[in-house]
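The chain contents come next:
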Amino acid sequence: MAPRRPLIAGNWKMIASSRHGLALAAELAARAKGAGAMKCDMLLCPPATLIRQVSEAVAGSGLAVGGQDCHAAPGGAHTGDVSAVLLAEAGCSFVIVGHSERRRDHDETSEMVRDKAAAARAAGLTPIICVGESEAERDAGETLAVVRSQLEGSLPEDAAGADTAIAYEPVWAIGTARTPTGAEIAEVHGHIRHRLAAVMGEEAQRTRILYGGSVTSGNASEILATAEVDGVLVGTASLEADAFWRIGESCP
Ligand code: PGA
């Protein structure tokens, strides 16, 4: 089976201005066009209002565009929501689902996340399903149990191989400049791979498992060299073109 190609995903969250986002996209597109063959896939996830413009800005650069969330329904009376179909039409090929900030701010359950991931796949998008324990859960020794329960609850029944990605994001590591040790990341990623294999068999070898939480250009090489880490989901450091680009260059 072909080795998994690393995926470097930038989660812009609610970036403070469109101007910043469009400048970032233009700068990264220019770098990608000037670079030779890349060792990884690079993905930008802007807020919904910027997706189409960012898609146009990065066209032909090899950079991919993704959403940060989608509704589980393909359409209908859901004021304020965006469907996976609309994301795909606007230029997305990925969508993040179940980010801990959505689970927290919008009371999203794993069941809701699973339905969103299924909608994403139905629209031809690759969902990046986020899971991760809180600090209290880690302190209580519940990390693997929490991750397993979120993973099994959030994974669509027919998810298979490369058409789904997982992001392990410990809640306490997001935006805090704290990261788990390499051994801790490897343990959780190994557990995720094991659980994926129990559900989808051999296909699990094709699923990319990303790490997210305080990834920087300083720690990316070490994290990306960790066993079972197939990429990173980057928040803060993805808002600076040079830092994000250097994370991409850190791929083994
Ligand atoms: P961070 O965010 O890189 O700022 O910690 C990561 C994320 O929430 O995806």
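Our subject is the structure that appears above.
Among the five residues of strand E1 (residues 7-11), five are classified as buried, and the element is accordingly described as predominantly covered. The alternating pattern of E1 places Leu7, Ala9 and Asn11 on one face and Ile8 and Gly10 on the opposite face, and all of these are buried. When E1 meets strand E2 (residues 41-45), the two strands line up parallel, connected through five bridges. Each residue of the ladder has a partner; that of Ala9, found in E2, is Leu43.

Take the sheet that holds strand E6 (residues 165-168) next. One key point about sheets: their strands pair by backbone hydrogen bonds, in either a parallel or an antiparallel sense. Spatial strand order, E1-E2-E3-E4-E5-E6-E7-E8: eight strands in a closed barrel with parallel pairing. Neighbour-to-neighbour, the strand axes of the sheet open up by a mean angle of 25°, direction not taken into account. Most of the contacts of helix H2 (residues 51-58) go to strand E3 (residues 64-67), to which it runs at about 170°, and overall it touches E2 and E3. Against the sheet, helix H8 (residues 182-200) engages strand E5 (126-131), E6 and strand E7 (208-212), with an angle of about 150° to E7.

All right, on to the packing of helix H5 (residues 110-122) against helix H7 (residues 143-154) then. The geometry of a pair of packed helices is captured by two quantities: the angle between their axes and the separation between those axes. Interaxial distance between H5 and H7 falls to 7 Å at its minimum, and their mutual angle equals 45°. Considering the angle they form, H5 stands oblique to H7. Contacts from Ser110, Glu111, Val113, Arg114 and Ala117 in H5 reach Gln150, Gly153 and Ser154 in H7. Its residues placed into classes, the contact of H5 with H7 shows two nonpolar, four polar and two charged.

Around the ligand, the structure places 13 residues, and the nearest of them are Lys13, His99, Glu169, Gly175 and Thr236. In the environment of the ligand, an oxygen atom lies 2.8 Å from a nitrogen or oxygen atom belonging to the backbone of Ser214. Here an oxygen atom of the ligand sits 2.8 Å away from a polar atom, N or O, in the main chain of Gly235. The fraction of the free accessible surface of the ligand (280 Å²) that becomes covered by protein chains is 98%. Looking at the shell around the ligand, its residues break down into four nonpolar, seven polar and two charged.

Glancing now at H5. For H5, with 13 residues, the first-to-last C-alpha span of 18 Å sits near the 18 Å given by 1.5 Å per residue. Looking at H5, one finds that the buried residues are Ser110, Val113, Lys116, Ala117, Ala119, Ala120 and Arg121. Just past H5, the residue Gly124 takes up positive phi, approximately 85°.

Moving on to the nonpolar core. Soluble globular proteins tend to bury their nonpolar side chains together. Counting residues in each nonpolar core, the largest one holds 61 residues, and the members touching the most others are Ile8, Leu44, Ile166, Ile192 and Leu196. With near-sequence residues (within four places) excluded, Ile192 lies in contact with Val131, Val147, Leu151, Ile166, Tyr168 and Ile209. Core analysis: the second largest hydrophobic core is formed by 13 residues, Leu43, Ile128, Ala167 and Leu233 among them.

Estimates place the volume of the largest pocket at around 600 Å³. Lining the largest pocket are 22 residues, with Lys13, Gln68, Asp69, Arg102 and His106 positioned closest to its centre. A total of four residues in the lining of the largest pocket trace back to one element, the largest contributor, which is helix H4 (residues 100-105). The residue makeup of the lining of the largest pocket, split by class, is eight nonpolar, seven polar and seven charged.

Direction vectors running N to C along helix H1 (residues 18-34) and H2 enclose 20°, while the axes themselves pass 9 Å from each other. Taken as axis vectors, H1 and H2 run roughly parallel relative to one another. For the pair H1 and H2, the crossing hand works out as right-handed. Contacts between H1 and H2 involve Leu22, Ala25 and Ala29 on the former and, on the latter, Gln53, Val54, Ala57 and Val58.

Now for the state of the cysteines. Evaluated as defined, the whole model comprises zero disulfides. Considering cysteine sulfurs only, Cys251 is the nearest to Cys40, which forms no disulfide, with 3.7 Å between them.

Attention now goes to the environment of His194. Topologically, His194 is positioned in helix H8. By relative accessible area, His194 is classed as exposed at 53%. Between the alpha carbons of His194 and Arg148 there is a distance of 9.9 Å; along the sequence they are 46 residues apart.

How each quantity is defined
- Residues numbered from 1 in each chain as written.
- Predicted model: local features only at pLDDT ≥ 70, side-chain atom pairs only at ≥ 80, totals over all residues.
- Heavy atoms only, no water.
- Buried < 20%, exposed > 50% of the residue type's maximum accessible area, 1.4 Å probe, protein only.
- Helix = DSSP H or I, 4+ residues; strand = E, 2+ residues; numbered from the N terminus.
- Pairing = 2+ DSSP bridges.
- Axes fitted to C-alpha atoms, helices over the stretch in contact; angles between N-to-C directions.
- Contact = heavy atoms within 4.5 Å.
- Parallel < 35°, antiparallel > 145°, perpendicular 65-115°, else oblique.
- Nonpolar A, V, L, I, M, F, W, Y, C, P; charged D, E, K, R; others polar.
- Near = heavy atom within 4 Å.
- Polar contact = N/O pair within 3.5 Å; in protein donor to acceptor, adjacent residues only side chain to side chain.
- Areas by Shrake-Rupley, 256 points an atom, 1.4 Å probe, with all protein chains shown as cover.
- Expected span 1.5 Å × (residues − 1).
- Core = buried A, V, L, I, M, F, W, Y, C linked by side-chain atoms within 4.5 Å.
- 1 Å grid on protein atoms, 1.4 Å probe; cavity = no way out; pocket = protein on both sides within 12 Å on 5 of 7 lines; lining within 4 Å.
- Points joined across faces, edges and corners; volume = space filled by probe spheres on them.
- Left-handed = near helix turned anticlockwise from the far one by under 90°.
- Disulfide = S-S within 2.5 Å.

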